[in-house]
Amino acid sequence: MEKPTGSYAVYPFPLGRLKIGYDKDAVISLDRTKTSDDGTKTALTDLAYEQIMEYFEGKRRIFTFPYELRGTVFQKKIWRALCDIPYGETRTYKEIAAAVGNPKACRAVGMANNKNPIAIAVPCHRVIGSDGKLVGYAGGLDMKEALLHLERKFSSV
């Protein structure tokens, strides 16, 4: 996996501070951060931020800013499958594993989710445990719960 170049911009958002990593013409990471450094904002990061804020306002369900997924072939396959989960719905790790043709790969799906570089836009927060519980989220379970709550709220509108 390629390492990010270090170019990023940080913006305030409803769950703290959002760090948008970028390289050339694509976003390469979206993460919640505690850094006080604002980085370097660009037209690309402004566009990504605008779409993220529209999502939090219930005005956007699909992201169109350019992004590049960097990971293994398997990780990219999982991340693309996550994008097929409809807004406001959830799937289990087992369902995602089956969707990519490897029904016994539940743990591997969890590991791929943990490495998802484009949180929110690539909706790993929509993956839950088979018992319906919220488990594992790199951004913290509080963020996962907040994102699912937000989507439930606006999917019924």
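Our structure's up above, just so we're on the same page.
Residues numbered from 1 in each chain as written. Predicted model: local features only at pLDDT ≥ 70, side-chain atom pairs only at ≥ 80, totals over all residues. Heavy atoms only, no water.

K.L.:
I'm lost on the overall build of the protein chain in this one. Help?
P.N.:
Assigned secondary structure in the protein chain consists of five helices and five strands. What you see in the protein chain, going N to C, is helices and strands ordered as β-β-β-α-α-β-α-α-β-α. A compact globule built from 157 residues should have a C-alpha radius of gyration of about 15 Å, and the protein chain, at 15 Å, falls within 12% of that. In terms of overall dimensions, the protein chain has C-alpha extents of about 40 × 40 × 25 Å along its principal axes. Taken across its 157 residues, the protein chain has 46% of its residues classed as buried. Considering only contacts in the protein chain between residues 6 or more positions apart, those separated by 24 or more positions represent 56%. (Helix = DSSP H or I, 4+ residues; strand = E, 2+ residues; numbered from the N terminus. Rg over C-alpha atoms; globule rule 2.2 N^0.38 Å. Buried < 20%, exposed > 50% of the residue type's maximum accessible area, 1.4 Å probe, protein only. Contact = heavy atoms within 4.5 Å.)

K.L.:
Mind showing me how you'd approach helix α5 (residues 141-155) here?
P.N.:
One turn of the α-helix equals 3.6 residues, which is why residues spaced by three or four share an orientation. Spanning 15 residues, α5 covers 21 Å between terminal C-alpha atoms, matching the ideal 21 Å at 1.5 Å per step. Buried residues of α5: M143, K144, L147, L148, L150, E151 and F154, and no others. Each buried residue of α5 sits inside an arc of 155 degrees when the element is viewed along its axis, so together they form one side. Packed against the buried residues of α5 are β1 (8-13), β3 (26-33), α1 (43-56), α3 (93-99) and β5 (127-128). (Expected span 1.5 Å × (residues − 1). Arc of directions from axis to C-beta.)

K.L.:
What is the right way to read unusual backbone geometry from this model?
P.N.:
Glycine aside, negative phi is the norm for most residues, and most peptide bonds take the trans geometry. The phi torsion at K24 lies on the positive side, around 60 degrees, for a residue other than glycine. Mapped onto the fold, K24 is located in the loop between β2 (16-23) and β3. Looking at K24, the relative accessible area reads 72%, which means it is exposed. Located in the positive-phi region is I120, a residue other than glycine, with phi close to 75 degrees. Position of I120 among the secondary structure elements: in the loop between α4 (106-114) and β5.

K.L.:
Teacher, can you tell me more about the packing of aromatic side chains here?
P.N.:
The relative placement of two aromatic rings is captured by the distance of their centres and the angle of their planes. Taken as a whole and judged by the stated rule, the model has seven aromatic pairs. Taking the centre distance of 4.3 Å and the plane angle of 15 degrees together, the rings of Y11 and Y49 count as stacked. Taken together, the positions of Y11 in strand β1 and Y49 in helix α1 put the pair 38 residues apart, joining distant regions of the chain. The pair Y11 / Y49 is uniform in exposure class, with both members buried. Looking at K19, its charged tip hangs above the ring of Y8, at a distance of 4.3 Å from the centre. If you follow K41 out to its NZ or CZ, it ends over the ring of Y11, 4.7 Å from the centre. (Phe/Tyr/Trp six-rings, centres within 6.5 Å; stacked < 30°, edge-to-face > 60°. Lys NZ or Arg CZ within 6 Å of the ring centre and 35° of its normal.)

K.L.:
Teacher, can you tell me more about the pairing of β3 here?
P.N.:
Put simply, side chains in a regular strand alternate between the two faces of the sheet. For β3, the tally of buried residues reaches six of eight residues, placing the bulk of the element in the interior. Pairing geometry for β2 and β3, over seven bridges, is antiparallel. Counted as the bridge partner of D23 is A26 from β3. (Pairing = 2+ DSSP bridges.)

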